[in-house]
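# Understanding the architecture of this molecule
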Amino acid sequence: MYIIYEIRELNHHNNDMQYIIKAPHHINTNIKLPASKSISNRALIIYAQTGGTVVPQNLSDCDDTEVIINALRDMPEVIDIKAGGTAMRFMTAYLATLKGHEHVITGTERMQHRPISVLVNALRYLGADIEYVNEEGFPPLRIRGNELEGGEVEMLGSVSSQFISALLLIGPNLRHGLELKLKGDIISRPYIDLTLWMMNEFGADANWTASDTVTVKPQPYKQRDYLIENDWSAASYWYEAMALSSSLDSEITLSGLMDGSMQGDSVVRYLYTMLGVKTTFESKEQGVPTTITLKKNRRVVPRLDYDFVNSPDLAQAVIASCCALGIPFHFKGLSTLKIKETDRIAALKTELRKLGFVVKDQNGGELIWDGERCTPSMEAIDTYEDHRMAMSFAPLALVFGEIAINDPEVVTKSYPNYWNNMIAAGFEITEI
């Protein structure tokens, strides 16, 4: 057992590791957030289709982006994207367009049980040559690239937006472009809008042409300099820390974020207004990264009802915050949490019970807490190979004094420097 003052390198395979996190009485820190994983991964797929000489600036250093960088650089026969869900979806579509190339794309055991048939069926309809290596409907996939015709295709709007974005991103290089009609309810629309915005930033012609239809013209991308904004999803854990800090003088500054960001998770600043956090922008110049300051505003709602359909990645931090603050909630729009790195709905219920909170689910995509408590066991929090479980539970040390996290290195999936940032903010981390 020893106290960590700086984490230099994490062992990705040590599942026996545990951190004990002790909270400071006061937080006053300046955090450099990681670059946006969502923007980095989209920018890389677009960059590859431009011929790839002008590399996007401020690329994310997370695992999910690293596997795309390595795949595009080396193009091995077998591409292992590990646990990267975005990487699996985006690379599957991109590889299908590479005429004369043949690759097998695979990932972790969990990734091989995450369904991908919706995307594969759509790509096959557009002319792709893809076969399942093992189980029908799941990775690994054998992809023989060819020139795709494109044209009209239908897809359920209720599937992961990553499937939709994967198709859209290759649209400009399809012979007849792409007309994508989304059936039923459309979830995570901000992620689709982010994809379209970035495509147009690189010279594509991609737009909503009806409330349920996106049209991408066969107009190739253009190379350009591109600066990637930092990650609003990563900011959510610092909002949580500020909401849970008992010191009214605490202050956290976060750099590299934009006012009016196209990232759907930028809604976090409005959500946390209701949980006692005030956000101030250093500059409100549109399209330019700036610094924001988080302070206590002392006002919290007595109850919070919210639909996370457009920002499901914020759910874990907000749920942990509400429980710790004693704010009952009814959250909807969480159905996609069941097919993430783990079944996040089940994981949240199990781990919150360890801390004494009895959270219930209903209708496959709702979580409810009416204030019911049970005797806390204070057992270590299991992370289920899910980065957001580790990062959303760690700030709860501010309420409980200390908290134990199993397999803490999972944070490298999206925020490799998270624990160093926690240490810089005054948290004491002891490795068991």
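In the block above lies the structure referred to throughout.
In short, a report on the structure. (Residues numbered from 1 in each chain as written. Predicted model: local features only at pLDDT ≥ 70, side-chain atom pairs only at ≥ 80, totals over all residues. Heavy atoms only, no water.)

## Quick word on the overall build of the protein chain
From N to C terminus, the protein chain includes 13 helices and 20 strands. Taken over C-alpha atoms, the radius of gyration comes to 21 Å for the protein chain, in line with the 22 Å a tight globule of 432 residues would show. Expressed as lengths along the three principal axes of its C-alpha atoms, the size of the protein chain is roughly 60 × 45 × 45 Å. Classification of the 432 residues of the protein chain by burial places 59% in the buried group. Taken as a whole, the protein chain presents about 17,000 Å² of accessible surface, with 47% of it coming from carbon and sulfur. (Helix = DSSP H or I, 4+ residues; strand = E, 2+ residues; numbered from the N terminus. Rg over C-alpha atoms; globule rule 2.2 N^0.38 Å. Buried < 20%, exposed > 50% of the residue type's maximum accessible area, 1.4 Å probe, protein only. Areas by Shrake-Rupley, 256 points an atom, 1.4 Å probe, with all protein chains shown as cover.)

## Topic: unusual backbone geometry
Cis rather than trans, the peptide bond between P139 and P140 has omega equal to 5°. Looking at the secondary structure, you find P140 in the loop between β6 (129-132) and β7 (141-144). Positive phi outside glycine occurs at N58, with the angle close to 65°. Mapped onto the secondary structure, N58 falls in the loop between α1 (37-49) and α2 (63-74). In this structure N58 comes out as partly exposed when scored by relative accessible area, which is 29%. Despite not being glycine, M378 shows a phi value in the positive range, around 55°. Take M378: it is sitting in the loop between β18 (366-369) and α11 (387-393).

## Remarks on helix α6 (residues 189-201)
A rise of 1.5 Å per residue sets the reference length of α6, with its 13 residues, at 18 Å; its end C-alpha atoms lie 18 Å apart and thus fit the reference within 8%. Turning to α6, its buried residues are P190, Y191, I192, L194, T195, L196, M198 and M199. In this structure, the buried residues of α6 make contact with α1, α5 (161-170), β9 (178-183), β10 (206-210) and β11 (213-216). (Expected span 1.5 Å × (residues − 1). Contact = heavy atoms within 4.5 Å.)

## Here's the deal with the layout of surface pockets
Within this model, the second largest pocket holds a volume of roughly 190 Å³. Contributing to the lining of the second largest pocket are 14 residues, with W197, E201, L227, M258 and G287 lying nearest its centre. In terms of residue class, the lining of the second largest pocket is made up of 7 nonpolar, 3 polar and 4 charged. (1 Å grid on protein atoms, 1.4 Å probe; cavity = no way out; pocket = protein on both sides within 12 Å on 5 of 7 lines; lining within 4 Å. Points joined across faces, edges and corners; volume = space filled by probe spheres on them. Nonpolar A, V, L, I, M, F, W, Y, C, P; charged D, E, K, R; others polar.)

## Digging into the pairing of strand β5 (residues 102-106)
Across the 5 residues of β5, 4 count as buried, placing the element largely inside the fold. Summarising the sheet, strand β4 (residues 78-80) and β5 pair through 3 bridges and their orientation is parallel. When the sheet's bridge partners are listed, I79 is paired in β5 with I105. Considered for its hand, the β-α-β crossover made up of β4, helix α3 (residues 85-96) and β5 is right-handed. (Pairing = 2+ DSSP bridges. Right-handed = clockwise from strand over helix to strand, strands pointing away.)

## Let's talk about the packing of aromatic side chains
Enumeration over the complete set of coordinates arrives at 14 aromatic pairs. Residues F308 and F331 carry aromatic rings whose centres are separated by 5.0 Å and whose planes lie at 85° to one another, so their mutual orientation is edge-to-face. With F308 in the loop between β15 (304-307) and α9 (315-325) and F331 in strand β16 (residues 329-332), this residue pair connects regions lying 23 residues apart in the sequence. The pair formed by F308 and F331 is uniform in burial state, with each residue classed as buried. Through a chain of ring-to-ring contacts, the aromatic side chains of Y306, F308, F329, F331, F357, W369 and F400 assemble into a single cluster. The positively charged end of R189 is found above the aromatic ring belonging to W208, 4.4 Å away from the centroid. Over the ring of F202 we find R224; its NZ or CZ atom is 5.9 Å from the centre of that ring. (Phe/Tyr/Trp six-rings, centres within 6.5 Å; stacked < 30°, edge-to-face > 60°. Lys NZ or Arg CZ within 6 Å of the ring centre and 35° of its normal.)

## With respect to the sheet that holds β6
Each strand in a sheet pairs with another by means of backbone hydrogen bonds, the pair being arranged parallel or else antiparallel. As summarised here, the arrangement of the 4 strands in space is β4-β5-β7-β6, forming an open sheet in which the pairing is mixed. Each end of this open sheet is capped by a strand with a single partner; those strands are β4 and β6. For this sheet, the mean inter-axis angle between neighbouring strands, taken without regard to orientation, is 25°. In this structure, β6 lies alongside β7, joined through 4 bridges in antiparallel fashion. For D129, the partnering residue across the bridge sits in β7 and is R144. The strands touched by α3 within the sheet are β4, β5, β6 and β7, with β5 carrying the most contacts at an inclination of about 170°. This element, helix α4 (residues 117-125), spans β6 and β7 of the sheet and lies at about 150° to β6. (Axes fitted to C-alpha atoms, helices over the stretch in contact; angles between N-to-C directions.)

## Description of the side chain of T412
Along the polypeptide, T412 turns up in the loop between β19 (402-406) and α13 (418-424). Note on T412: relative accessible area 6%, which makes it buried. A polar atom in the side chain of T412 sits 2.6 Å from the side chain of D63. (Polar contact = N/O pair within 3.5 Å; in protein donor to acceptor, adjacent residues only side chain to side chain.)

## Re the side chain of E351
Among the structural elements, E351 can be located in helix α10 (residues 344-354). On the accessibility criterion, E351 (0% relative accessible area) is buried. At a separation of 2.4 Å, a polar atom in the side chain of E351 contacts the side chain of Y384. Setting aside chain neighbours within four positions, we find E351 in contact with A380, I381, D382, Y384, M389 and F393.

## Some words on the nonpolar core
Counting residues in hydrophobic clusters, the biggest one holds 73 residues, and the most contacted among them are I21, W238, L254 and W419. If you tally residues by element for this core, the top one is helix α7 (residues 232-244), at 10 residues. Residues in contact with I21, not counting those within four places in the same chain, are A394, A397, G401, E402, I403, I405, W419, M422, F427, E428 and I429. (Core = buried A, V, L, I, M, F, W, Y, C linked by side-chain atoms within 4.5 Å.)

Don't take any of this as a statement about function, it's just geometry.
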